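One-letter residues, chain by chain:
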Amino acid sequence: MKIRIIDREKITPGDQVLALVFSVLAGLFVIGLIFLAFGVNPFFAIGKIFAGSFGSIYGFKETVTKAIPLILIGVGLAIAFRAKFWNIGAEGQLLMGAIFGTWVGLNWGPHLPAPVIIPLMFLAGFIGGAIWGLIPAFFKIKFAINEVISTLMMNYICAEILIFLIVGPWKGKTKFGFPYTDDLPASAILALIPGSRIHYFTLGLALLTVLVLWMVIYKTRFGYEVREIGENPEAARYAGIDFFKTTLIIMAISGGVAGFAGIGEVAGLHHYLSYPDSISSGYGFTAIIVAWLAKLNPFFVIIAGIFFAGILVGGDAIQISLGLPAATVEIFNGTLLVFLIMGDYFLKHKIRIDFHVRPRTIKHET
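The following paragraphs examine the structure supplied in this document. Everything numeric in this text was worked out from a predicted model, so none of it was measured.

What follows covers the overall build of the protein chain. When its secondary structure is counted, the protein chain shows 14 helices and 2 strands. By residue count, 48% of the 366 residues in the protein chain fall in the buried class. Residue pairs in contact within the protein chain that sit at least 24 positions apart in sequence constitute 78% of those at least 6 positions apart. Carbon and sulfur atoms make up 68% of the accessible area of the protein chain, which amounts to about 18,400 Å² in all. The average position of the 27 basic charges and that of the 21 acidic charges among the side chains of the protein chain differ by 6 Å.

Below you can see the structure in the form of structure tokens.
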């Protein structure tokens, strides 16, 4: 018997849907076993998660609030992953966008009206995230440094830079010694939908970004080059596609939209820079799962972003009501990601078992 893994010759849209459904169901089954290990009824726990996020007006508004950065980062990661550039550094790109945008808000905000300073802050946030994304892209192309390692490590570098700033040169004079910057001026603070924490400027920007990037990927020459690099790198090289330029643009976009999310969180919710885990609830890592669940389709990122935002909100609810540890949400997300990756792998490959029967030698005696 010989076991081989071979490529599937044809993948239909129905196969993709079935793979996604079975991956999610298998992940939920394993998550249910984990809940059982904690002595919690899995049906009750999972139901509690979605009831806490979608079962009330307040829960749904909080879900939309958390979906905004997930959609922005997820659509940027979908572009990078489509080109087979494994950007694991969106968390750092988000923080760098927050740093750049906050600097503009603090220094220029007192002198400029809201219609001017807010676009400038988001432009600065995009530039900050893009720069942080271009560095590992350059290392990947010029020195063949693995982007998974470089982008991941740069998350921690950016977090330490942020901590240095808020406890050092940017420490607010009005914060009574606490490690925060001063508050952004009123002109630099984003308006919220009444009765919620939804900063509608960033929400509109997220939806617009999805539309623009969908058009870029499916309706432009650059999008064709991105898809060709991801599907068949050798054919892309033969066609004369410039890997260096295309990769830099991809990572500038991916890091830049993560930077949008960073300054959106600061200007919309916090109004000052604080510790990294206060600005981001692990959005850069959760958005990796969002991109995979969306099958790297920009429009599906919206649905996947709302789904995982609901898990974040519902996860907070079960920590309180069921007394589960804070890591429960990370376990939930990580388990789903593993099964989504497995489902994608077996969608493109199949296992073949070959049986070899040895011929027997028959002796004739006379």
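One way to put it is that helix H3 (residues 57-82) packs onto helix H7 (residues 200-219) with a least axis distance of 9 Å and a crossing angle of 20 degrees. One finds that H3 runs roughly parallel with respect to H7. Relative to H7, the crossing made by H3 is left-handed. Taking contact as the criterion, the partners of Val-64, Ile-68, Ile-71, Leu-72, Val-75, Ile-79 and Arg-82 in H3 are, on H7, Thr-202, Leu-203, Leu-205, Ala-206, Thr-209, Val-210, Leu-213, Ile-217 and Tyr-218. Of the residues that constitute the contact of H3 with H7, the class distribution is 13 nonpolar, 2 polar and 1 charged.

So, on to the pattern of salt bridges. Applying the stated criterion to the full structure yields 6 salt bridges. Lys-175 is the partner of Asp-183 in a salt bridge, and the nearest nitrogen-oxygen pair spans 2.8 Å. Overall, the relative accessible area of 42% leaves Asp-183 in the partly exposed class. Between Lys-348 and Asp-344 there is a salt bridge; the shortest N-O distance is 3.5 Å. With a gap of 4 residues between them, Lys-348 and Asp-344 both fall in helix H14 (residues 328-348), about one helical turn apart. Here Lys-348 falls in the partly exposed class, since its relative accessible area comes to 36%. Using a relative accessible area of 13% as the deciding quantity, one classes Asp-344 as buried.

A separate point is a nonpolar patch on the surface. Where nonpolar side chains cluster on the molecular surface, the patch consists of Ile-3, Ile-5, Val-338, Met-342, Tyr-345, Phe-346, Ile-351 and Ile-353 and spans about 740 Å² of accessible area. Going through the elements one at a time, strand S1 (2-7), H14 and strand S2 (349-354) are the ones with two or more residues in the nonpolar patch. Examining the composition of the nonpolar patch, we find that 4 residues originate from one element, H14, more than from any other.

For the rest of this paragraph, the subject is the environment of Leu-269. When you line up the elements, Leu-269 lands in helix H10 (residues 243-270). Given a relative accessible area of 19%, Leu-269 falls into the buried group. Along the backbone, Leu-269 and Gly-230 are 39 residues apart, and their C-alpha atoms lie at a distance of 37 Å.

Moving on, we come to the nonpolar core. Formed by 93 residues in total, the largest nonpolar core has its most connected members in Phe-35, Leu-70, Ile-73, Leu-77, Met-121, Leu-273 and Phe-308. It is H3 that provides the largest number of residues to this core, a total of 13 residues.

Direction vectors running N to C along helix H12 (residues 283-293) and H14 enclose 35 degrees, while the axes themselves pass 10 Å from each other. For the crossing formed where H12 meets H14, the hand is left-handed. Packed against H12, whose contacting residues are Thr-286, Ile-288, Ile-289, Trp-292 and Leu-293, the element H14 presents Asn-333, Gly-334, Leu-337, Leu-340 and Asp-344 at the interface. The residue makeup of the contact of H12 with H14, split by class, is 6 nonpolar, 3 polar and 1 charged.

Reading guide: rules and limits
Per chain, the residues get numbers from 1 upward, laid out in the order the sequence is written. For this predicted model, a pLDDT threshold of at least 70 governs which residues receive local features, and a threshold of 80 or more governs which side-chain atom pairs are given and counted, while totals over whole chains, interfaces and linings are taken from all residues. In computing side-chain values, all of the structure's heavy atoms are included and hydrogens and water are not. Think of it this way: any DSSP run of H or I at least four residues long counts as a helix, any run of E at least two long counts as a strand, and we number them from the N terminus. Burial here depends on accessible area, computed with a 1.4 Å probe over protein chains only, as a share of the maximum for the residue type. Under 20% is buried, over 50% is exposed, and the range in between is partly exposed. Note on definitions: a residue-residue contact is assigned when non-hydrogen atoms from the two residues lie within 4.5 Å. Throughout, the Shrake-Rupley method with a 1.4 Å probe supplies accessible areas, and for residues the shown protein chains are the sole cover considered. Charge counting treats Lys and Arg as positive and Asp and Glu as negative, with His and both chain ends excluded. Charge positions are represented by NZ for Lys, CZ for Arg, CG for Asp and CD for Glu. Every axis in this analysis is a line fitted to C-alpha atoms, fitted for helices over the stretch in contact. Angles between the N-to-C directions lie between 0 and 180 degrees. Should an angle fall under 35 degrees it is taken as roughly parallel, and over 145 as roughly antiparallel, whereas 65 to 115 is taken as roughly perpendicular and any remaining angle as oblique. In this scheme, a crossing is called left-handed if the near helix is turned counterclockwise away from the far one by less than a right angle; it is called right-handed if the turn is clockwise. Only Asp, Glu, Lys and Arg are considered charged in this grouping, and only Ala, Val, Leu, Ile, Met, Phe, Trp, Tyr, Cys and Pro are considered nonpolar; every other residue, Gly among them, is considered polar. Think of a salt bridge as a Lys or Arg side-chain nitrogen and an Asp or Glu carboxyl oxygen that are within 4 Å of each other. To count toward a patch, a residue needs a relative accessible area above 30% and no salt bridge. Like charges then connect within 9 Å, nonpolar side chains (Val, Leu, Ile, Met, Phe, Trp, Tyr) within 5 Å. The nonpolar core is taken to be a set of buried Ala, Val, Leu, Ile, Met, Phe, Trp, Tyr and Cys residues, with the residues joined through side-chain atoms within 4.5 Å.

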